[in-house]
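Below are the chains, spelled out letter by letter.
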Amino acid sequence: MGRELRGMMLLLIGMSLFPVGGCHRSVSRTTLQISIETTQPKPLPKGLSGFNVQLFASGVEPWDEDLLDRTTELAPGFIRVPGGAVTLAYDWRIGNLRREWVELLHIEEHPMKHWKNRQYKRLFHMEKKVRGKGYYTLRDMARMARKLATPLVYTANVRTDTPQSLGALARYTVEEGIKIAHWELCGEPFSWAYPGKAVQFWMDGKDYIENMSFYAEAIRKEIPDAEISVGFSFGDPEWKQEDFDQAIADYPPKFWDDFTFHWYPARGKETLEEAIPAVIEALETKATQLIDHYFLPLNAPLNPGVSITEFNSAGRGEYVRSLFSGLHAAEYLLRLSNHPNIKRIGYHQLFLHALNRKNAYDWTVWK
């Protein structure tokens, strides 16, 4: 079997609560039967499948030998760093989270209700634990990428850092001989653009994309051929996501080479009974349809491709560690593997799931 697909199968085994080769699980008075066929080769395109790393969520150092050995077996096509929510407060100059940037996510009003406060709790706890230690610089991450013989995707901090700082980072990568295959000016930007909210980084999609043009200009001043992406929403007809996406689509000129969105069909679901139907429905009705009939038309006439740099079923509780959650990951990857417009797909996240690592900064902040 292809090396990358074998890596995905190892990922499933690492994630599983159930034995591979067939399992039975009662779900809403039905029996779930799973049989995995591994005799037929199904190689994935080289470089397609990778991982969102998110170092600070794991407490694992990028030079950890066990990490490197086990990740090599997964044959990642790329690694994305620093990755996910930690990017909000990550300062490449110190290789750590900055307290003042973490505090920007703190909202006094309705502290238990607002989504940004949940992010604040996570990052505050991480920052407290790594203060004075845990400095993971881009050089360290590049060292990890070289050890794994895989490209590096960099998620730029465009919420609390500045275009000037990102330009300095691009210059630093040139001076250090660090190759960034892809610069991502996003994350999940629509979540930070609700008018009237207590903390707001951008007013709307137009404000977001106008700001990103300055970041892109700063990078390309140092690296003229840098590959840059901007971010759309999840593609859900709620939370004004469609308005956000349309504002990006209407922005001239399109200065990006690529765009990205994230895939979490079972987010918020905690039980197998809740999550499995949601994931099955999403695979059948959205997996390729979102790309072909929503995102690509929005990005027309520019059609450079899509980078889905975070994907997972995203259920919680018993579901997130179930074999079905892992099977969703493999199924989604295989369904999209031959899509002509997809550049890369990154599983979220390497440490907590694929390597069965415990969150070193107190698991309760992730519930």
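A few points on the structure. (Residues numbered from 1 in each chain as written. Predicted model: local features only at pLDDT ≥ 70, side-chain atom pairs only at ≥ 80, totals over all residues. Heavy atoms only, no water.)

1. Let's talk about unusual backbone geometry
- The residue after V81, namely P82, is reached through a cis peptide bond having omega -10 degrees.
- Inspection of the secondary structure assignment puts P82 in the loop between β4 (79-81) and β5 (90-91).
- Cis geometry is found at the peptide bond from P252 to P253, where omega equals -10 degrees.
- In this fold, P253 is placed in the loop between α8 (241-249) and β10 (258-260).
- Unusually for a residue other than glycine, A75 sits at a positive phi of about 50 degrees.
- Within the secondary structure, A75 sits in the loop between α2 (65-74) and β4.
- On the basis of relative accessibility, which here comes to 8%, the residue A75 falls in the buried class.
- One non-glycine residue with positive phi stands out, namely A149, at about 55 degrees. (Helix = DSSP H or I, 4+ residues; strand = E, 2+ residues; numbered from the N terminus. Buried < 20%, exposed > 50% of the residue type's maximum accessible area, 1.4 Å probe, protein only.)

2. Quick notes on α2
- Within the span of α2, buried status applies to L67, L68, T71 and L74. Summarising the axial view, the buried residues of α2 lie within an arc of 110 degrees, below the 170-degree limit, and thus occupy one face.
- Its side-chain oxygen at 3.0 Å from the backbone nitrogen of D66, D64 defines the N-terminal cap of α2.
- Of the residues trailing α2, A75 is marked for its positive phi of about 50 degrees. (Arc of directions from axis to C-beta. Polar contact = N/O pair within 3.5 Å; in protein donor to acceptor, adjacent residues only side chain to side chain.)

3. Some details on the pattern of salt bridges
- In the structure shown here, the tally under the stated rule is 16 salt bridges.
- Close ionic contact of E210 with K206 constitutes a salt bridge, the shortest N to O distance being 2.7 Å. Taken together, the residues span about one helical turn, with E210 and K206 both in helix α7 (residues 205-222) at a distance of 4 residues.
- Judged by its relative accessible area of 46%, K206 falls in the partly exposed class.
- Of the charged contacts, one joins E331 and R335 as a salt bridge, the two residues approaching to 2.7 Å between their closest N and O atoms. In this pair, E331 and R335 both sit in helix α12 (residues 323-336), 4 residues apart, roughly one turn of the helix.
- When its relative accessible area of 31% is taken as the criterion, E331 is described as partly exposed.
- According to the relative accessible area criterion, R335 is partly exposed, its value standing at 32%.
- Sharing partners across several salt bridges, the network here consists of D91, R93, R98, E100 and D161. (Salt bridge = Lys/Arg side-chain N within 4 Å of Asp/Glu carboxyl O.)

4. Structural notes on the pairing of strand β7 (residues 152-155)
- Residue alternation in β7 divides its side chains into two sets, L152 and Y154 and V153 and T155, and both sets are buried.
- Where β4 meets β7, 3 bridges bridge the pair, whose relative direction is parallel. Of the residues in β7, the one forming a bridge with I79 is L152.
- In this region the chain leaves β7, passes through helix α6 (residues 163-176) and returns to the parallel neighbour strand β8 (residues 180-185); the handedness of that crossover is right-handed. (Pairing = 2+ DSSP bridges. Right-handed = clockwise from strand over helix to strand, strands pointing away.)

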